[in-house]
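Residues per chain are reported as follows:
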Amino acid sequence: MITLALSKGRIFDETLPLLKAAGIEVLEDPEKSRKLILPTNQPNVRVVLVRASDVPTYVEYGGADLGVTGLDTLIEHGGQGLYQPLDLNIAKCRMSVAVRADYDYAAQVRTGARLKVATKYTAIARDFFATKGVHVDMIKLYGSMELAPLTGLADAIVDLVSTGNTLKANHLVEVERIMDISSRLVVNQAALKLKQAPIRAIIDAFAGAVKKD
Ligand code: PRT
Ligand code: MG
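This structure is a prediction, so every number in the text was calculated from the model and none was measured.

1. Overview of the pattern of salt bridges
By the definition in use, this model includes 9 salt bridges. In this structure, R100 and D102 form a salt bridge, with 3.0 Å as the shortest nitrogen-oxygen distance. Exposure remark for R100: the relative accessible area of 32% places this residue in the partly exposed category. On the basis of relative accessibility, which here comes to 59%, the residue D102 falls in the exposed class. D137 is the salt-bridge partner of R114, the closest N and O atoms lying 3.0 Å from each other.

Set out below in structure tokens:
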């Protein structure tokens, strides 16, 4: 049996065409079914639905043989122990720093002020500001980061941006682009050895179906 870990939503939706290229069709719609294990047209392949941030954990410890996860999630998890053969070029966005439109970020950085930064992505944010030589007080949040500068909880946020509509709707502006983000295929290292042929077949089919920009 080959088990693939996916999260509901954009990653599931954007992985479907890649699965199709590998001859795999998921037989149930996760938005309609309450099942967490979805069968496919291939009796030896199944999909497990987990929280996006749990995908690397499932794959690392063998709860799944493969998974699809955002680079953001992968970096925060720590990629060690996971084989990362492919950038799938899906679920694309960028990791950015944003502040209130009336906050002079450049001046704060220039004068060496200490910044209060709210984010779910503390590892990425810590690394980014350390490299810039900016001192930060990190405030860990699990969602709705956009609220933090509006309420005075933080001076800046580090969050994912795709269209920019969420920032705009909350009167925030992007002041730094930290990195481009896309989703990656991750593979359990023991599974890669023990189930080499079927896993290689999936990796190769995905590789052939990845859309270049
Ligand atoms: O939702 P949950 O807490 O279960 O987990 P999750 O948020 O990690 O999962 P999900 O499915 O929302 O995101 C999965 C992956 O999709 C992320 O890890 C990213 O790699 C990728 N991705 C791509 C995004 C976005 N685009 C994105 N726009 N993830 C989140 N967003 C959010 C962003 O955080 C912000 O709140 O969308 C909002 C901004 O969107 P725009 O279009 O208004 O800029
Ligand atoms: Mg989400």
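2. What about the site of ligand 1?
Around ligand 1 sit 22 residues in total, of which D72, S162, T163, G164 and T166 are the nearest. In the environment of ligand 1, an oxygen atom lies 2.9 Å from a nitrogen or oxygen atom belonging to the side chain of R51. When the free accessible area of ligand 1 is taken as 810 Å², the share hidden by the protein chains comes to 77%. Residue assignment for the shell around ligand 1 shows that the elements contributing at least two residues are α1 (10–21), α3 (71–77), β9 (156–161) and α7 (165–169). The greatest single-element share of the shell around ligand 1, amounting to 3 residues, is contributed by β9. Taken together, the residues of the shell around ligand 1 break down into 7 nonpolar, 7 polar and 8 charged. Three or more residues apiece are contributed to the shell around ligand 1 by two domains, here domain 1 (2–91 + 182–212) and domain 2 (93–180).

3. Digging into unusual backbone geometry
As a rule of thumb, non-glycine residues mostly have phi less than zero, and peptide bonds are mostly trans rather than cis. In this model, A91 sits at a positive phi of 50°, which is unusual for a non-glycine residue. When its relative accessible area of 11% is taken as the criterion, A91 is described as buried. Notably, H171 is not glycine yet its phi reads approximately 55°, a positive angle. Relative to the elements of secondary structure, H171 occurs in the loop between α7 and β10 (172–181).

4. Here's the deal with α1
Listing the buried residues of α1 in full gives I11, F12, T15, L18 and L19. Along α1, the residues classed as buried sweep out an arc of 120° about the axis, all on the same side. Exposed side chains of α1 directed beyond 90 degrees from the buried face belong to R10 and K20. Where α1 is buried, its residues touch β1 (2–6), β2 (37–39), β3 (45–49), β4 (66–70), β11 (183–188) and α9 (196–209). G23, located one to two residues past α1, shows a positive phi value of around 75°.

5. Comments concerning the packing of α1 against α9
Across the interface, α1 lies against α9 with an axial gap of 8 Å and an inter-helix angle of 115°. Considering only the axes of α1 and α9, their crossing is right-handed. Each of T15, L18, L19 and A21 in α1 lies in contact with α9, whose residues at this interface are A205, F206 and A209. Along the lines of polarity and charge, the residues of the contact of α1 with α9 split into 6 nonpolar, 1 polar and no charged.

Reading guide: rules and limits
Residues numbered from 1 in each chain as written. Chains lettered and ligands numbered in written order. Predicted model: local features only at pLDDT ≥ 70, side-chain atom pairs only at ≥ 80, totals over all residues. Heavy atoms only, no water. Salt bridge = Lys/Arg side-chain N within 4 Å of Asp/Glu carboxyl O. Buried < 20%, exposed > 50% of the residue type's maximum accessible area, 1.4 Å probe, protein only. Near = heavy atom within 4 Å. Polar contact = N/O pair within 3.5 Å; in protein donor to acceptor, adjacent residues only side chain to side chain. Areas by Shrake-Rupley, 256 points an atom, 1.4 Å probe, with all protein chains shown as cover. Helix = DSSP H or I, 4+ residues; strand = E, 2+ residues; numbered from the N terminus. Nonpolar A, V, L, I, M, F, W, Y, C, P; charged D, E, K, R; others polar. Domains from an automatic or database assignment. Arc of directions from axis to C-beta. Contact = heavy atoms within 4.5 Å. Axes fitted to C-alpha atoms, helices over the stretch in contact; angles between N-to-C directions. Left-handed = near helix turned anticlockwise from the far one by under 90°.

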